[in-house]
Amino acid sequence: MKSPFSLRRPKARRIALAAALAFAMLPQAASAQRATEIPRIESRNGEHALIVDGAPFLMLGAQVNNSSNYPAMLPEVWPVIRKMHANTVEVPIAWEQVEPEEGKFDFSFLDVLLKEARENDVRLVLLWFATWKNTSPAYAPAWVKLDNARFPRLTNAKGETHYALSPLHRSTLEADKRAFVRLMEHLKRNDPQNTVIMVQPENEVGTYGSVRDFSPLAQKLFDGPVPDALLKRFDKKPGNWKAVFGTDADEYFHAWHIARYVEEIAAAGKAVKPLPMYVNAALASAFGRQPAATYSSGGPVHHVIDVYKAAAPSLDFVSPDIYARDHAAYLEYLRFYDRPDNALMVPETGNAADFARFFFPVIGRGGIGFAPFGMDDTGYANFPLGAKELDEKTLDIFARNYRLFGPMQREWARWAFAGKTWGVAEPTDPKAEHRQVMELGKYRATATFGQWQFGTDKPTGNPEPGAASPSPRSGRTNIS
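Position numbers for residues count from 1 along each chain, tracking the sequence in the order it is written. With the structure being a predicted model, the display of local features is reserved for residues of pLDDT at least 70 and the display and counting of side-chain atom pairs for 80 or more, all residues being used for whole-chain, interface and lining totals. Derived side-chain values reflect all non-hydrogen atoms in the structure, with water molecules and hydrogen atoms excluded from consideration.

Colleague: If you had to explain the sheet that holds strand 4 (residues 59-63) to someone new, which residues and values would you point to?
Modeller: Here we have eight strands laid out as an open sheet, ordered 9-6-5-4-13-12-11-10, and parallel in their pairing. Both edges of this open sheet fall to strand 9 (196-203) and strand 10 (278-282), since each of them pairs with a single strand only. If you compare each strand with its neighbour and ignore which way they point, the axes differ by 25 degrees on average. For two strands to be treated as a pair, DSSP must find at least two bridges joining them. Secondary structure elements are taken from DSSP: a helix is a run of H or I of four residues or more, a strand is a run of E of two residues or more, and numbering for both begins at the N terminus. For strand 12 (residues 345-349) and strand 13 (residues 369-372), the ladder comprises three bridges, and the chain directions are parallel. By the bridge assignment for strand 13, Thr-349 is matched with Pro-372. The contact criterion used throughout is that any non-hydrogen atoms of two residues lie within 4.5 Å. Between the N-to-C directions of two axes lies an angle of 0 to 180 degrees, each axis being a line fitted to C-alpha atoms and, for a helix, fitted only over the stretch in contact. Across the sheet, helix 3 (residues 108-119) touches strand 5 (88-94), strand 6 (123-133) and strand 9, and the angle it forms with strand 5 is around 175 degrees. Relative to strand 11 (residues 317-322), helix 11 (residues 327-337) is tilted by about 175 degrees, and along the sheet it contacts strand 10, strand 11, strand 12 and strand 13.

As structure tokens, this is what we get:
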């Protein structure tokens, strides 16, 4: 096999075997454009499915670069998407783009995007870049960014003005919400066939460099009572934030107020058109706790997922943007976000070749979608997070996976929803065990890496069997 072996983990004793990959399944079109049933997230027995056109759907995704959200850039997008065999494209829609002047809206790019997505037979996920885009207001309109009296920034612990907008002010929330509702209204009128299957309200919320807002308003709220919904979620007795949460109080306070802000926006959008909605996380360390000011404090990092669940019930799930190349860290992030109350999706990951193998553990764990970032021909690169350049060889590594799963995307999604899939990928640590065992009910599958033909040791003079390869790759699988 050219790609890492993929089956389902033993959460419910999954029984779909690798042999299924070898059979031709009935082709499923990437989109059924005449359908009118609104997509949704469905959960059952701790498993989740993205329902599109009335059936489970596996999102073979790709995210374009941040500034590829203009008509002139789309010709640089579609050839890459076709080569990749993606069925879904994640595309930013910026607040500054749709409301450059307050109260004057322009959805012309969305109209072009919908038309061209249908022509290319792909579905869309819209990414709302507004109050937050990677924690900053860079994609908010100038009339918001330049009016700090009306739209206040955070204040850090030293009393200095911070770069991020504060989540505590109704003026900012109401302006953002109004624009988002207008976006959803336009979508409802112009996309009855549901080319758009999901929406991400805000992008990588939180703040770097300050654990929370320390303005007088924020401090007054921080010294006040913790909301009942959060007390119930954590089974805590009433008190102020410091008394209830101790050393976690600052970050939990910030996460609560950001999540409540996003909740209002998502709920207002869903009232217009109830598409699935999620927020993504710029992650904290997978192992141990680092100082909150060194990562996106207040965002949906793994240790505050429960805060988001209490604060933002209109969000269908929270998801990790994973740029960690380390196998152990990548799998740990998957474990954090794969929960009975949270569908697993990786909406952003690196587009370097070594990230392609992680597609298998994502979908093996029942993930509803996977999307490398920066998949277009604009020439932008976010190295070292991704590839130095998206050349044909690198693109083909991702395309192999999607070509393999494209014909059975519906079947795989159905199996995953039933808890019958597993997935593995080669570790990066040369000292790690390069043999992975999966319990499949009455069967046991062993995936090995770095071995010779038929699972035997390599001849004398060759690298040791099981040693990490320079480019992590597939495993040979034995069923016993």
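Colleague: Got a sec to walk through the layout of surface pockets? Specific residues and values, please.
Modeller: Taken as a whole, the largest pocket encloses approximately 360 Å³ of empty space. In the cavity and pocket records, a cavity denotes points on a 1 Å grid over the protein atoms alone where a 1.4 Å probe fits but cannot get out, a pocket denotes an open set with protein on both sides within 12 Å along at least 5 of 7 lines, and lining residues are residues with an atom within 4 Å of a point. In terms of lining residues, the largest pocket is bounded by 20 residues, among which Asn-134, Glu-204, Tyr-323, Glu-348 and Leu-385 are the most central. When residues are grouped by polarity, Ala, Val, Leu, Ile, Met, Phe, Trp, Tyr, Cys and Pro land in nonpolar, Asp, Glu, Lys and Arg in charged, and all others, Gly among them, in polar. Its residues placed into classes, the lining of the largest pocket shows 11 nonpolar, five polar and four charged. Grid points are joined across faces, edges and corners, and a volume is the space filled by probe spheres set on the points.

Colleague: Go over the sheet that holds strand 1 (residues 40-44), please, and point to the residues and values.
Modeller: Ordered in space as 1-2-3, the three strands form an open sheet in which the pairing is antiparallel. If you trace the sheet from one side to the other, it starts and ends with strand 1 and strand 3 (55-56), each paired once. Examined bridge by bridge, strand 1 and strand 2 (residues 47-52) share five bridges and lie antiparallel to one another. Within the sheet, the bridge partner assigned to Arg-44 lies in strand 2 and is Glu-47.

Colleague: Account for the pattern of salt bridges, with residues named and values stated.
Modeller: For this document, the term salt bridge refers to a Lys or Arg side-chain nitrogen within 4 Å of an Asp or Glu carboxyl oxygen. Scanning the model with the defined rule gives 31 salt bridges in all. Here Arg-400 and Asp-396 are joined by a salt bridge, their closest N and O atoms 3.3 Å apart. With Arg-400 and Asp-396 both in helix 13 (residues 392-405), this residue pair falls four residues apart, about one helical turn.

Colleague: Please set out the pairing of strand 2 residue by residue, giving values where relevant.
Modeller: Of all six residues in strand 2, six are buried, a share of seventy percent or more. What sits between strand 1 and strand 2 in their antiparallel hairpin is a turn of two residues, with Asn-45 showing a positive phi close to 55 degrees. Sheet topology note: the strand 2/strand 3 ladder contains two bridges and is antiparallel. The partner of Ile-51 across the bridge, within strand 3, is Pro-56. Exposed residues in this analysis have more than 50% of their type's maximum accessible area, buried residues have under 20%, and partly exposed residues fall in between, with area computed by a 1.4 Å probe over protein chains only.

These figures come from the coordinates and say nothing about function on their own.
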